[in-house]
Amino acid sequence: MKLHEYQSKAIFAKYGIPIPKGSVAENAPDARQIAAQIGKKVVIKAQVLVGGRGKAGGVKLASSPNEAEEVAEQILAMTIKGLPVRKVLVDEAINIAREIYLGIVVDRAARRATMMAASAGGGEIEEVARTTPEKIIRVSIDPAFGLQEFQARELAFEMGIDKALVRDFTAIATGLYRAFVDTDASLAEINPLVVTSEKQLIAADGKIVLDDNALYRHTDLEQLRDIDEETLSEKQARKAGLSYVKLDGNIGCMVNGAGLAMATMDVIKFYGGEPANFLDIGGGAKADKVKAALDIILSDSNVRAVLFNIFGGITRGDEVARGIVDGLKEIKTQVPMIVRIVGTNAEEGRRILADAQMITAETLEEGAQKAVAAAK
Ligand code: GDP
Ligand code: MN
């Protein structure tokens, strides 16, 4: 789950990271009022859950409350990378002398968190990582010790941070690491961390991505979820406990298990088809879950065929088959359904489905080929 800039910065502030004075507005008059309260030049920033807002025109300076209202009006009317802007952050503007990237991600290969810093802050770090990876300085953090002061000082030195600011930089890096660990984040990032003309360090932007699988431990953070930013199908999938990612193809996939879902998508592509989604109904899926999944898949109007690929283990084949049949009774659709079931109670499952006039397949190859043909 991604947090908005204003939410991420509020968390950073709790960990002693300096952030600009500011507040969120949902309409232009409120933005004006916040700007008047700040009483200085402000920056108005679109709060949408994508990067590159600056380049898209979603970050603009305003020198007066009047101008703040005008700019907020413009930005609130924008759609950035497909997302309508519903809120703006009105922050005290800062005088930027230098922009630095500072972030932490989980390095799966090292099984540790890695802190990264780069001089080319401000822009998109993904671009830096692709074109000039040597410009990113990394330190691997031992979970037993946490980020150690010498590591933060080393980063400061490599980044050429002014001696007078090294202590502050160390505090910010440590705060960022603690925020990352305490929130069970998969990413925590300050881009840019600004060196102001007044020689102060301040987080001008903030981004936190929380690990969904750890959210149950953070009821307070769960509250920060912005349901406006979720698509209807994402919302339905989350409520039903399904992992769902919409894609651009026309073959809906309903699969139990993430690895099996990947393999299914690969095989569909191998036979010239395009998957419409990734969907993992999980282990032990009962009829109601299958129904919810089917509902989500069929709500995508691109879908021309649905391939069910079920491996009966904990999830019993007959149970899934009943779920499919029950679901179809309520859903009413002309979209052809192809089913491949193997494993526990697969035969019984296939019998139930054949009785319900569904296309069955013995192997994944056969199922994928039939689905590709049906979608044509
Ligand atoms: P992003 O494009 O979505 O990452 O949004 P950012 O918050 O990082 O803003 C993009 C860019 O706008 C920054 O890299 C800065 O160059 C600029 N910017 C943001 N806040 C301020 C500010 O207070 N003053 C000035 N002068 N520039 C700012
Ligand atoms: Mn940024």
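For the structure itself, consult the block above.
Residues numbered from 1 in each chain as written. Chains lettered and ligands numbered in written order. Predicted model: local features only at pLDDT ≥ 70, side-chain atom pairs only at ≥ 80, totals over all residues. Heavy atoms only, no water.

What about the pairing of strand S16 (residues 305–312)?
For step 1, the next point in the chain: Most of S16 is tucked away: 7 of the 8 residues are buried.
For step 2, the next point in the chain: Two strands pair when backbone bridges link them, and strand S14 (residues 251–255) and S16 are joined in this way by 5 bridges, in the parallel orientation. Bridge pairing links Cys253 to Leu307 in S16.
For step 3, the next point in the chain: With 7 bridges connecting them, S16 and strand S17 (residues 337–343) associate as parallel partners. (Buried < 20%, exposed > 50% of the residue type's maximum accessible area, 1.4 Å probe, protein only. Helix = DSSP H or I, 4+ residues; strand = E, 2+ residues; numbered from the N terminus. Pairing = 2+ DSSP bridges.)

Here's the deal with the site of ligand 1
For step 1, the next point in the chain: As a matter of local geometry, ligand 1 sits amid 15 residues, with Lys45, Arg53, Gly54, Ile94 and Glu99 nearest to it.
For step 2, the next point in the chain: With respect to ligand 1, the side chain of Arg53 contributes an N or O atom lying 2.7 Å from an oxygen atom.
For step 3, the next point in the chain: Contacts to ligand 1 include Asp205, whose side-chain N or O atom sits 3.1 Å from an oxygen atom.
For step 4, the next point in the chain: Burial of ligand 1 by the surrounding chains reaches 81%, relative to a free accessible area of 560 Å².
For step 5, the next point in the chain: Within the residue set of the shell around ligand 1, elements represented by two or more residues are strand S2 (42–46), strand S3 (59–62), strand S7 (96–107) and strand S10 (185–196).
For step 6, the next point in the chain: A breakdown of the residues in the shell around ligand 1 according to their chemical character gives 7 nonpolar, 4 polar and 4 charged. (Near = heavy atom within 4 Å. Polar contact = N/O pair within 3.5 Å; in protein donor to acceptor, adjacent residues only side chain to side chain. Areas by Shrake-Rupley, 256 points an atom, 1.4 Å probe, with all protein chains shown as cover. Nonpolar A, V, L, I, M, F, W, Y, C, P; charged D, E, K, R; others polar.)

Focus: the pattern of salt bridges
For step 1, the next point in the chain: Within this structure, the stated rule accounts for 23 salt bridges.
For step 2, the next point in the chain: A salt bridge links Glu222 to Arg225; the nearest nitrogen and oxygen atoms lie 3.1 Å apart.
For step 3, the next point in the chain: Between Glu366 and Lys370 there is a salt bridge, and its shortest N-O distance comes to 2.8 Å. Placement of the pair is Glu366 and Lys370 together in helix H13 (residues 364–375), with a separation of 4 residues, close to one helical turn.
For step 4, the next point in the chain: Looking at Glu366, the relative accessible area reads 25%, which means it is partly exposed. (Salt bridge = Lys/Arg side-chain N within 4 Å of Asp/Glu carboxyl O.)

Structural notes on the environment of Lys332
For step 1, the next point in the chain: Inspection of the secondary structure puts Lys332 in the loop between helix H11 (317–331) and S17.
For step 2, the next point in the chain: For Lys332 and Ala110, which are 222 residues apart along the polypeptide, the C-alpha to C-alpha distance reads 49 Å.
For step 3, the next point in the chain: Polar side-chain contacts of Lys332 include one of 3.0 Å to the backbone oxygen of Lys329.

Quick look at the nonpolar core
For step 1, the next point in the chain: Grouped together as the largest cluster of nonpolar side chains are 41 residues, with contacts concentrated most on Leu102, Met115 and Leu176.
For step 2, the next point in the chain: Among the elements that make up this core, the one with the highest residue count is helix H6 (residues 166–182) (8 residues).
For step 3, the next point in the chain: Sequence-distant contacts of Leu176, defined by excluding residues within four places in its chain, comprise Phe12, Ile17, Leu102, Gly103, Ile104, Met115, Ala188, Glu189 and Ile190.
For step 4, the next point in the chain: Counting 30 residues, the second-largest nonpolar core is a separate cluster that includes Ile297, Val306, Met337 and Ile352. (Core = buried A, V, L, I, M, F, W, Y, C linked by side-chain atoms within 4.5 Å. Contact = heavy atoms within 4.5 Å.)

Examining the coordination of the manganese ion (ligand 2)
For step 1, the next point in the chain: Listed as protein donors to the manganese ion (ligand 2) are Asn191 (O) and Asp205 (OD); their distances from the metal cover 2.2 Å. Of the two residues, Asn191 sits in strand S10 while Asp205 sits in the loop between strand S11 (201–203) and strand S12 (207–210), which places them 14 residues apart along the sequence.
For step 2, the next point in the chain: Asn191 sits in the buried class, given a relative accessible area of 10%. (Donors = N, O, S within 2.8 Å, 3.2 Å for Na, K, Ca; no water.)

Considering the environment of Asp184
For step 1, the next point in the chain: As for its placement among the helices and strands, Asp184 is situated in the loop between H6 and S10.
For step 2, the next point in the chain: Here the alpha-carbon distance between Asp184 and Ile208, two residues 24 residues apart in the chain, equals 9.9 Å.
For step 3, the next point in the chain: For Asp184, the residues in contact, after removing those within four places along its chain, are Leu210, Asp211, Ala214, Arg217 and His218.
For step 4, the next point in the chain: In this structure the side chain of Asp184 is engaged in a polar contact, spanning 2.8 Å, whose partner is the side chain of Arg217.

Section: helix H3 (residues 65–76)
For step 1, the next point in the chain: Its 12 residues place the ends of H3 16 Å apart at the C-alpha level, agreeing with the 16 Å of an ideal helix rising 1.5 Å per residue.
For step 2, the next point in the chain: Those residues of H3 not exposed but buried are Ala68, Val71, Ala72, Ile75 and Leu76. Buried residues of H3, viewed axially, fall in a sector of 130°; they line one side. Exposed side chains of H3 directed beyond 90 degrees from the buried face belong to Glu70 and Glu73.
For step 3, the next point in the chain: If you follow the buried residues of H3, they end up packed against helix H2 (28–38), S2, S3 and strand S6 (88–92). (Expected span 1.5 Å × (residues − 1). Arc of directions from axis to C-beta.)

A closer look at the pairing of S14
One face of the sheet, then the other: side chains in a regular strand alternate in exactly this way.
For step 1, the next point in the chain: Summarising burial for S14: 5 of the 5 residues are buried, a large majority.
For step 2, the next point in the chain: Of the two faces of S14, the one holding Ile251, Cys253 and Val255 and the one holding Gly252 and Met254 are both buried throughout.

Things to note about unusual backbone geometry
For step 1, the next point in the chain: In the segment running from Asn191 into Pro192, the intervening peptide bond is cis, with an omega of 10°.
For step 2, the next point in the chain: Take Pro192: it is sitting in strand S10.
For step 3, the next point in the chain: At Lys332, a position not held by glycine, the phi torsion is positive, near 55°.

Thoughts on the side chain of Ser8
For step 1, the next point in the chain: Assignment of secondary structure puts Ser8 in helix H1 (residues 5–14).
For step 2, the next point in the chain: Within polar-contact distance, the side chain of Ser8 engages the backbone nitrogen of Ile208 at 3.1 Å.
For step 3, the next point in the chain: Setting aside anything within four residues of it in sequence, one finds Ser8 in contact with Leu3, Gly206, Lys207 and Ile208.

A short note on the packing of H2 against H3
For step 1, the next point in the chain: Packing of H2 against H3 leaves a shortest axis separation of 8 Å and a crossing angle of 140°. With respect to the hand of their crossing, H2 and H3 are arranged in right-handed fashion. Seen from H2, the contacting residues are Ala28, Pro29, Ala31, Arg32, Ala35 and Ala36; seen from H3, they are Pro65, Asn66, Ala68, Glu69, Ala72, Glu73 and Leu76.
For step 2, the next point in the chain: Considering only residue class, the contact of H2 with H3 consists of 9 nonpolar, 1 polar and 3 charged. (Axes fitted to C-alpha atoms, helices over the stretch in contact; angles between N-to-C directions. Left-handed = near helix turned anticlockwise from the far one by under 90°.)

Nothing here speaks to function; it is geometry throughout.
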